[in-house]
Amino acid sequence: MFCDQKERGLTRRRHSKRRDLFFSLFFLPHIINTHAFECSFVLSALIKSSAKMASSAFASTSAAAFPALNTAAKTRSAGRKASSSSMRVSKMRAIQSSSTSSATEEETVEARTTTPTETTTTSSSLSKDLLPKEIGSCSKDELDAWLADIMKLPEQKMKLEYFKEEGRGLVATESIKRGEKVLEIPQEAIITVEVALKESLLREKKKLAELQEWSILATFLAETAQNLSTEDNSSNKYRFATYVKALPRSTGSVLEWPESDVRTLLAGSPSLFSALERRASVAAAIAEIRVNFPELNEKTLQWAFDILFSRLIRLESLGGNLALVPWADMLNHQPGCEAFIDLDRGSRKVCLTTDRSYEPGEQVWASYGQRPSSELLISYGFAPAVGDNPDDEYALNLQIDEEDPFASAKVNALASQNIQAFETFPLRLNGYPRQLLQYASFAMCTPDDPSKVDELCRAAFVDIQAPKSLRNGVDLARGLLASKNVLKSKGKRGAVLGGVQGEIAVREMLADVTRDALDRYANTVDKDKGLALGRMPEMPEASMWIGDASTAIKSSMRSVCAARVRVSERRILAKTDSEVRLQLRRLKSEQMNSK
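What counts, and where the lines are drawn
Residues numbered from 1 in each chain as written. Predicted model: local features only at pLDDT ≥ 70, side-chain atom pairs only at ≥ 80, totals over all residues. Heavy atoms only, no water. Helix = DSSP H or I, 4+ residues; strand = E, 2+ residues; numbered from the N terminus. Buried < 20%, exposed > 50% of the residue type's maximum accessible area, 1.4 Å probe, protein only. Contact = heavy atoms within 4.5 Å. Areas by Shrake-Rupley, 256 points an atom, 1.4 Å probe, with all protein chains shown as cover. Pairing = 2+ DSSP bridges. Axes fitted to C-alpha atoms, helices over the stretch in contact; angles between N-to-C directions. Phe/Tyr/Trp six-rings, centres within 6.5 Å; stacked < 30°, edge-to-face > 60°. Lys NZ or Arg CZ within 6 Å of the ring centre and 35° of its normal. Expected span 1.5 Å × (residues − 1). Parallel < 35°, antiparallel > 145°, perpendicular 65-115°, else oblique. Left-handed = near helix turned anticlockwise from the far one by under 90°. Nonpolar A, V, L, I, M, F, W, Y, C, P; charged D, E, K, R; others polar. Core = buried A, V, L, I, M, F, W, Y, C linked by side-chain atoms within 4.5 Å. pLDDT = per-residue confidence, 0-100. Salt bridge = Lys/Arg side-chain N within 4 Å of Asp/Glu carboxyl O.

Caption draft 1: Representation of the overall build of the chain in the model. Tallying secondary structure elements over the chain gives 20 helices and 15 strands in all. The buried share of the chain, taken over its 595 residues, is 57%. At a minimum sequence separation of 6, the contacts of the chain that also span at least 24 residues come to 76%. Surface exposure of the chain reaches about 24,500 Å², of which carbon and sulfur atoms provide 50%.

Caption draft 2: Representation of the sheet that holds strand β6 (residues 181-186) within the structure. Taken in spatial order, the 3 strands line up as β6-β12-β11 in an open sheet, and their pairing is antiparallel. Every interior strand has two partners, whereas the edge strands, β6 and β11 (341-344), have only one. When the angles between neighbouring strand axes are averaged without regard to direction, this sheet yields 30°. Sheet topology places β11 next to strand β12 (residues 349-353); 4 bridges connect them, and they run antiparallel. Counted as the bridge partner of D342 is C351 from β12.

Caption draft 3: Expanded view of the packing of aromatic side chains. Considering all chains together, one arrives at 9 aromatic pairs under this definition. Taking the centre distance of 6.4 Å and the plane angle of 20° together, the rings of W146 and Y243 count as stacked. In this pair, W146 sits in helix α4 (residues 140-150) while Y243 sits in helix α8 (residues 241-246), placing the two residues 97 residues apart along the sequence. For the pair formed by W146 and Y243, the shared burial category is buried. Pairwise contacts between aromatic rings join F425, Y439, F442 and F461 into one cluster. The ring of F309 carries the charged tip of R278 above its face, separated from the ring centre by 3.9 Å.

Caption draft 4: Quick peek at helix α17 (residues 499-519). For α17, built from 21 residues, the straight-helix expectation of 30 Å at 1.5 Å per residue is met to within 8% by its first-to-last C-alpha distance of 31 Å. Counting buried positions over the 21 residues of α17 gives 16, a clear majority of the element.

Caption draft 5: Representation of the packing of helix α7 (residues 213-225) against helix α11 (residues 298-311) within the structure. Axis separation between α7 and α11 bottoms out at 8 Å; the angle between their running directions is 125°. Taken together, the axes of α7 and α11 lie oblique to each other. Along this stretch, α7 crosses α11, giving a crossing that reads as right-handed. Taking contact as the criterion, the partners of W214, S215, L217, A218, T219, L221, A222 and A225 in α7 are, on α11, T300, L301, W303, A304, F305, I307, L308 and F309. In terms of residue class, the contact of α7 with α11 is made up of 13 nonpolar, 3 polar and no charged.

Caption draft 6: Highlighting the nonpolar core. Within the largest apolar cluster, 78 residues are counted, with the highest numbers of intra-cluster contacts made by L183, I185, W303 and F305. Tallying contributions element by element places α7 first for this core, with 8 residues. Among the nonpolar cores identified, the runner-up in size contains 41 residues, and Y394, Y439, A443 and I572 belong to it.

Caption draft 7: Spotlight on the sheet that holds strand β7 (residues 191-192). One open sheet holds the 3 strands; their spatial order is β7-β9-β8, and the pairing between them is antiparallel. Whereas interior strands pair on both sides, the edge strands pair on one side only; in this sheet they are β7 and β8 (313-315). As paired strands, β7 and strand β9 (residues 321-324) are joined by 2 bridges and run antiparallel to one another. In the strand pairing of β9, I191 is matched with L324. Strand contacts of α7: β7 and β9, with the helix running at about 20° to β9, the strand carrying the most contacts.

Caption draft 8: Representation of the confidence of the model for the chain. The share of residues in the chain with pLDDT of 70 or more is 70%, and the mean pLDDT across the chain is 76. In the model, residues 1-91 has pLDDT below 50 throughout and makes 355 contacts with residues more than four positions away in sequence or in other chains. A low-confidence stretch, residues 96-129 (pLDDT under 50), is modelled with 56 contacts involving residues beyond four sequence positions or located in other chains.

Caption draft 9: Main features of unusual backbone geometry. With phi around 85°, L183 is a residue other than glycine that occupies positive phi space. Here L183 is to be found in strand β6.

Caption draft 10: Inspection of the environment of A562 at higher detail. Structurally, the position occupied by A562 is in helix α20 (residues 551-594). Residue class for A562 comes out buried when judged on its relative accessible area of 0%. C-alpha separation for the pair A562 and L265, spaced 297 residues apart in sequence, amounts to 5.9 Å. Beyond its immediate stretch of four places on either side in the chain, A562 contacts L265 and L377.

Caption draft 11: Examining the environment of A189 more closely. Mapped onto the elements of the fold, A189 is located in the loop between β6 and β7. In this structure A189 comes out as buried when scored by relative accessible area, which is 3%. Between the C-alpha atoms of A189 and L147, which are 42 residues apart in sequence, the distance is 8.4 Å. Excluding anything up to four places from it in sequence, A189 contacts M151, F240 and P326.

Caption draft 12: Expanded view of the pattern of salt bridges. What the rule picks out here adds up to 23 salt bridges. For D261, the salt bridge is made with R558, and the minimal N-O distance between the two is 3.0 Å. Of this pair, D261 sits in helix α9 (residues 259-265) while R558 is found in helix α20, placing the two residues 297 residues apart along the sequence. For D261, a relative accessible area of 0% translates into the label buried. Look at R558 and you get buried, because its relative accessible area is 11%. A salt bridge links E503 to R434; the shortest N-O distance between them is 2.5 Å. Residue E503 is found in helix α17, and its partner R434 is found in helix α14 (residues 434-444); the two are separated by 69 residues along the sequence. Residue classification places R434 among the partly exposed residues on the basis of a relative accessible area of 27%. Through salt bridges that share partners, R434, E503 and R507 make up one connected network.

Written out as structure tokens, the structure reads:
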């Protein structure tokens, strides 16, 4: 149920010098106490824009999308003519979602719920055969007894309850004050990489230690899960067997979705390719694990990775180590919550410091970090109602176009400022970062003198201020705010190149991008709004506890949550488009009046 809390960063194993490159690029650790950056690998669209600059020139043409993953790109032409024949063209790329589906969501959902294909039936049957039946079989009383007697959990001010949308959650049983420390889970009761390596009974311990952090933990979970059988008492060999039995069989994340659902429900969203990459990267990690541990089946390993994405916590006071924390992982997320989980240095117990007071019967919340609804859906299988998540955003990705004759010089110039050739900018209802415009103006510029590229880059980026809209510091590996000069700046913000003409050019580009992005969604706005307002299906209490439900219920929940994400993104795009066009009118009016 958890992801990042206070800072966004990549995971590096403390016991190995080898970088976790695979997980840096693809798993994007969704863990508490670290804001793992969102690397949305979405599809490509070529953007050209026009304006005259002091030593640069722009030209504007159409936005043409590039196909990816064998999905046809949907494009539209801006049809804008260059304002001057003397202007030369420089290119940049706006990386956007361009996947569309010929079938509407309504048709696809109907097909899923009434006439499932033979492939789907076979896949479902296979999943049930391979996932150990003991997972989810632990009762609440058995879990409570294990936590108290074996893990030495002190008496709690909370109890476990079920909720229609959130699933399991913790409810206050007595008054809890704001700022009070609750949970108090002993350090000995958590699962870290070191614990997994020590308590694993797999023969190839050396091979296990060579895996990535996430793979080590997933392997240990899968190993424990496949040894839960009561017939041979194999579970008695594993200290955390009861905890693994209490874990849900399903989280609702994209790892569990049929691929047709991923492509249909996320069509048009920049999260589509992120979801596909998540699935592909997990499959690759599973294949790597099974080279040395073939006794662990694919379905159980997939389940283990799913559990990690939804429940893994980074404990900053424990050296930033990753951990599974029984009981604490029952807490649910609420947008805007500022209560975080960490190891108390004094008591050496894992605690939640509340950000508000609670009365008996109220659900106690924790923060998963500043996560847009798309991330919550991909990792946890839920999305807040439209308008309920202040962290919602549309991830706009820009990069230097490789066909730009100055591409190499621009990439090198950006690198000198610790900025990458590929950058992600969040569009939100309350605006977008000015750094987006600065980046775009540099990416599109065509200097008369190639030696001016470094100078233009410095003019655009040196001493820019890190705005709150960029999540209070994006991951250092992302690049834009990684420069020491940037982090130490005191209000200087760089500049959009080209003066007023440059300001106009980059906004024309942004207007094209937002309009094109809006056109990529398969459904009409009204249809998506209707789907987003749909009722979440009631789940039987038994199904809520084991985290499993019927195919129809799962399908309905995915449909509603995905529609919430699409509507939230479309609201942001429409607001951005409207605001940018208003800015364009003002800029052009000022330009005319100044002549």
